[in-house]
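An overview of the molecular structure
In case you want the letters, here they are:
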Amino acid sequence: MKKSYYITTPIYYVNDIPHIGHAYTTMACDAMARFKRLDGYDVMFLTGTDEHGQKIEKAAHAAGLEPKAFTDKVSQNFRDLAKMMNYSNDDFIRTTEERHYKAAQHLWRELLARDEIYLDKYAGWYAVRDEAYYGEDELTDGPNGKKIAPSGAECEWVEEESYFFRLSKWGDRLLQFYNENPDFILPHSRRNEVTSFVKQGLRDLSVSRSAIKWGVPVPNDPKHVMYVWLDALTNYMTAVGYPDTQSDAYKKFWPADLHMVGKDILRFHAIYWPAFLMAAGLQLPKHVFAHGWWTNEGQKISKSLGNVINPHELIEAYGLDQTRYFLLREVPFGNDGDFSRAAMIARTNSNLANDLGNLAQRSLSMIAKNCGAVVPKCGEFNQADHVLLNKAYGLLDHVRREMDVQAFHKALDAIWLVIGDGNRYVDEQAPWALKKANPERMETVLYVLAETLRCVAILVQPFMPDSMGKMLDQLAVPDEARDFTLLTKEHALKSGTPLPTPSGIFPRFVEEVKE
Ligand code: MSP
């Protein structure tokens, strides 16, 4: 049986227009999901939309719509984003779906039955923007006497009847769990902020709202709706069949291998979620990875500053695969990063047009011109040939190690080192000069280049599926011969295989000169 791999994105608040931040989180998951599929795993890759809560209720009313009609309309924006970015998600969940109500309410009943939930009254601070409760000690004074959360969100005072989850009793168990599973929170540099929050002592968590209507109804108490984070986190189980824990999907995919999240929502995923699951007697996800945030030309991205980066515009200006590549290559994954046009253009031109584009273009056009448009004949390999090919065949192990810890930039770096070696090999071997003097050797050199390109293109597929698909077409590699088991010399290109006419894959980006 195939090994399974379950990866999730956060589910996005539907009221926002999809921007680079959303595209980034899902892009990282898409690269992981595609990588694992090519590496022989049965993958479940989930994304979707978070549609309940006070924030959405407010946004719907501001748009003059009932929340249901509003969310039906705007959740489409996120499906469109997934399509536009060529994400390979296997499912798209909406928390307003029937299957999700069933799952969320079941989890509630489980928690209630285990006496993990009790009815009381909440009096404290709430930030609608974050849909989060904050303790007085966490807040600072803002202008107009407002209280401000560490995230910068404004808080309001809330007093309402509320159900509480006994979070306070799970602190020690959580700390023990982090200790026993040192890779649960990734990158490791983020562990401290979680453990110190838990060590300060956890307060019981309000898990229902009675002042708002838009949410999953609390079973047997229609005055309350579930707190949106308890509802939202459950989506990860809904999608694999919960509450049917005997279903094939659940047995195969739960617990999830990786929840990918932004650093702002780590607390919910690394504290609340495992506590809910432990309390319900369910298995905990294996890893939570918190990535950094993008700024735009050095500034925080926000609607009010009007500097939101729309992925659609990036694709229009620079190309789809160029955008996908840039997002995961420019910034070490886990760190914050800055978007700038200059960086985007520099990356596209140097790594794609120059390094990879040139290697492919030079090799394939020489083959088309000088080898009768078939995979060249392959003579005896010399030392230089062996060195390059061994590096190409050796890449998978290295890239896999980096991908397993979501070091996308390092995985790409490793591949680009071989691309650099390939370009140096062309210069050193100078196949154009061999044409007359030693045509056999010229064919061997071009063969080595084509074979190196095959390995590179197969490995880069998770990041740039369309372009690498084209490159593999140009090498006449059939669709069924593009997974990682084919990355060995036993599956090398066969001399004499007809090749289609090559064409450039990565054009150089030329800045329009304004008159
Ligand atoms: N609905 C919650 C998640 C619930 S998961 C059970 C939520 N949604 S969100 O739409 O506000 O944010 C979704 C993701 O987008 C978060 O992981 C967040 O970190 C990410 N980003 C939003 N802006 C971002 C940047 N400027 N840069 C990088 N990612 C950022 O939170």
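Figured I'd write up the structure that's included with this text. All values derive from a computational prediction rather than experimental measurement.

Scoring rules and cut-offs
- Numbering of residues starts from 1 in every chain and runs along the sequence as written.
- It should be noted that, the model being predicted, local features are given only for residues of pLDDT at least 70 and side-chain atom pairs only at 80 or more, the latter also being counted only at that level, while totals for whole chains, interfaces and linings use all residues.
- Note that water and hydrogens are dropped before the side-chain values are worked out from all heavy atoms of the structure.
- Simply put, an axis is a line fit to the C-alpha atoms, just over the touching stretch for a helix, and the angle between two N-to-C directions goes from 0 to 180 degrees.
- In DSSP terms, a helix is any run of H or I states spanning at least four residues, a strand is any run of E spanning at least two, and both are numbered starting from the N terminus.
- Under this scheme an angle from 65 to 115 degrees is roughly perpendicular, one under 35 degrees roughly parallel, and one over 145 degrees roughly antiparallel; angles in between are oblique.
- Whether two residues are in contact is decided by their heavy atoms, any of which lying within 4.5 Å being enough.
- Basically, the charged four are Asp, Glu, Lys and Arg, the nonpolar ten are Ala, Val, Leu, Ile, Met, Phe, Trp, Tyr, Cys and Pro, and anything else, Gly included, counts as polar.
- Residue burial is assigned from relative accessible area. The probe radius is 1.4 Å, only protein chains are included, and a residue is buried under 20% of its type maximum, exposed over 50%, and partly exposed in between.
- Only protein atoms enter the 1 Å grid used here, on which a cavity is any set of points holding a 1.4 Å probe that cannot leave and a pocket is any open set flanked by protein within 12 Å on both sides along at least five of seven lines; residues with an atom within 4 Å of a point are listed as lining.
- Grid points are joined across faces, edges and corners, and a volume is the space filled by probe spheres set on the points.
- One heavy atom within 4 Å of a molecule or strand is enough for the residue carrying it to be called near that molecule or strand.
- Any pair of N or O atoms that falls within 3.5 Å is considered a polar contact. Within protein, one atom must be able to donate a hydrogen and the other to accept it, and sequence-neighbouring residues count only if both atoms are side-chain atoms.
- Residue-level accessible areas treat just the shown protein chains as cover; the underlying method is Shrake-Rupley with a 1.4 Å probe.

Our next topic: the packing of helix α14 (residues 383–404) against helix α17 (residues 439–460). The N-to-C vectors of α14 and α17 enclose an angle of 5 degrees; their axes lie 10 Å apart at closest approach. Relative to α17, α14 is oriented roughly parallel. Here Asp385, Leu388, Leu389, Ala392, Tyr393, Leu395, Leu396 and Val399 of α14 lie close against α17, whose contacting residues are Arg441, Thr444, Val448, Glu451, Thr452, Arg454, Cys455 and Leu459. Here the residues of the contact of α14 with α17 sort into 10 nonpolar, 2 polar and 4 charged.

Next up on the list: the side chain of Thr444. Along the chain, Thr444 turns up in helix α17. With relative accessibility at 3%, the residue Thr444 sits in the buried group.

So, about the layout of surface pockets. Empty space left among the atoms is revealed by rolling a probe the size of a water molecule over them. Roughly 390 Å³ of volume is contained in the second largest pocket. Considering the residues around the second largest pocket, the lining is formed by 23 residues, among which Tyr134, Gly135, Glu138, Arg203 and Asp204 are closest to the centre. If one sorts the elements of the lining of the second largest pocket by residue count, strand β5 (residues 117–127) sits on top with 4 residues. Split into classes, the residues belonging to the lining of the second largest pocket amount to 12 nonpolar, 5 polar and 6 charged.

To continue, consider the site of the ligand. The environment of the ligand is made up of 23 residues, and the closest members are Ile11, Asp50, Gly262, Asp264 and Trp294. Here an oxygen atom of the ligand and a side-chain polar atom of Asp264 are 2.6 Å apart. Bound to the protein, the ligand loses 95% of the 660 Å² it would expose on its own.

In short, shape yes, function no, at least from these values alone.
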